Every structure is written in structure tokens, then in C-alpha cells.
Amino acid sequence: MSVGQIVTLVSGAVKMVFMLCAPVLGSALIVGLVVAIFQATTSIQEQTLTFLPKMLVILGLIALLGGWMLAMLRGYTINLFSMIPDLAK
């Protein structure tokens, strides 16, 4: 197993992690920003106010994109397993 193959495997794994996490983290960031602006304008400083909207958005997004996420992860895993015989040489 060469260094180039290791770098390719690691970069593929990092790209997969970013592709799967970006929609969920981005939506949580946007909801957090909206709630923070709402808190700043209304002077409500409740720390737990951001938890429920973020949780609902994240759960909804996982429900919507869960099939796509699972398909991407499944394809990547099948690709990794198909590369095992070539890496053993």
C-alpha cells in the first residue's frame, strides 16, 4: 500500500464526512443565528431557547435527507470493500 493510496483513502473519507455533515450543521447554524437575532431584538436571554428549534430542524433534515445520506455512505463503503483485494497486493 503506497502513500498515494493512503492519501486518496483519507481524502475520500474526509470529503464524505463533509458531504454528510454539511447540510445538518449548516441548517443548525442558520437556525441558531435566527434565534440569536430574535433573542437580541426581544431581550430574551433564555439559554435553552435555541435547543428545541435546532433539534427539530436537525431531526427533520435527517428524516428528509436520511435516505440520501445512507445511500452515499453505502456506496462509499462498497467502494472501500471492493478496493481491499487491490490494496493487499
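The present account deals with the structure reproduced in this document.

Definitions and cut-offs
Residue positions are given per chain, counted from 1 along the sequence in the order it is written. Local features are withheld for residues below a pLDDT of 70 in this predicted model, meaning they are given only at 70 or higher, and side-chain atom pairs are given and counted only at 80 or more; totals for whole chains, interfaces and linings count all residues. Each side-chain value is derived from all of the structure's non-hydrogen atoms; neither hydrogens nor water enter the calculation. By convention a nonpolar core is built from buried Ala, Val, Leu, Ile, Met, Phe, Trp, Tyr and Cys residues, the set being connected through side-chain atoms within 4.5 Å. Buried means the residue's accessible area, taken with a 1.4 Å probe over protein chains only, is under 20% of the maximum for its type, while exposed means over 50%, and partly exposed covers the values in between. Put simply, DSSP H or I for four residues or longer makes a helix, DSSP E for two residues or longer makes a strand, and each gets a number counted from the N terminus. In this analysis, the expected span of each helix is defined as 1.5 Å times one less than the number of residues it contains. We define the bend at each residue as the angle formed by axes fitted to the 7 residues ending at it and the 7 residues starting at it. In what follows, a contact means two residues having at least one pair of non-hydrogen atoms within 4.5 Å.

1. Considering the nonpolar core
Next up, step 1: Ranked by size, the top nonpolar core spans six residues in total: M16, L20, V24, L61, M69 and Y76.
Next up, step 2: Mapped onto this core, the elements with two or more residues apiece are helix 1 (3-42) and helix 2 (51-87).

2. Notes on the side chain of Q39
Next up, step 1: Within the secondary structure, Q39 sits in helix 1.
Next up, step 2: Owing to a relative accessible area of 11%, Q39 belongs among the buried residues under this scheme.

3. Remarks on unusual backbone geometry
Among all residues save glycine, negative phi is the norm, and among peptide bonds the norm is trans.
Next up, step 1: Backbone geometry places S43, a non-glycine residue, at a positive phi of 60°.
Next up, step 2: Of the residues examined, S43 reaches a relative accessible area of 60% and is grouped as exposed.

4. Thoughts on helix 1
Next up, step 1: Between its terminal C-alpha atoms helix 1 stretches 56 Å, which fits the 58 Å expected from 40 residues at 1.5 Å a residue.
Next up, step 2: In helix 1, a bend of some 40° at A22 exceeds every other bend along the element, and P23, a proline, comes one to four places later.
Next up, step 3: For helix 1, the set of buried residues is L9, M16, L20, V24, S27, A28, V31, G32, V35 and Q39.
Next up, step 4: Against the buried residues of helix 1 lie helix 2.
Next up, step 5: Just past helix 1, the residue S43 takes up positive phi, approximately 60°.

5. Topic: helix 2
Next up, step 1: Its 37 residues place the ends of helix 2 only 45 Å apart at the C-alpha level, less than the 54 Å of an ideal helix rising 1.5 Å per residue.
Next up, step 2: Where helix 2 bends most, the angle comes to about 60°, and this point is L65.
Next up, step 3: Along helix 2, the residues classified as buried are L61, M69, Y76 and L87.
Next up, step 4: Those residues of helix 2 hidden inside the fold are in contact with helix 1.

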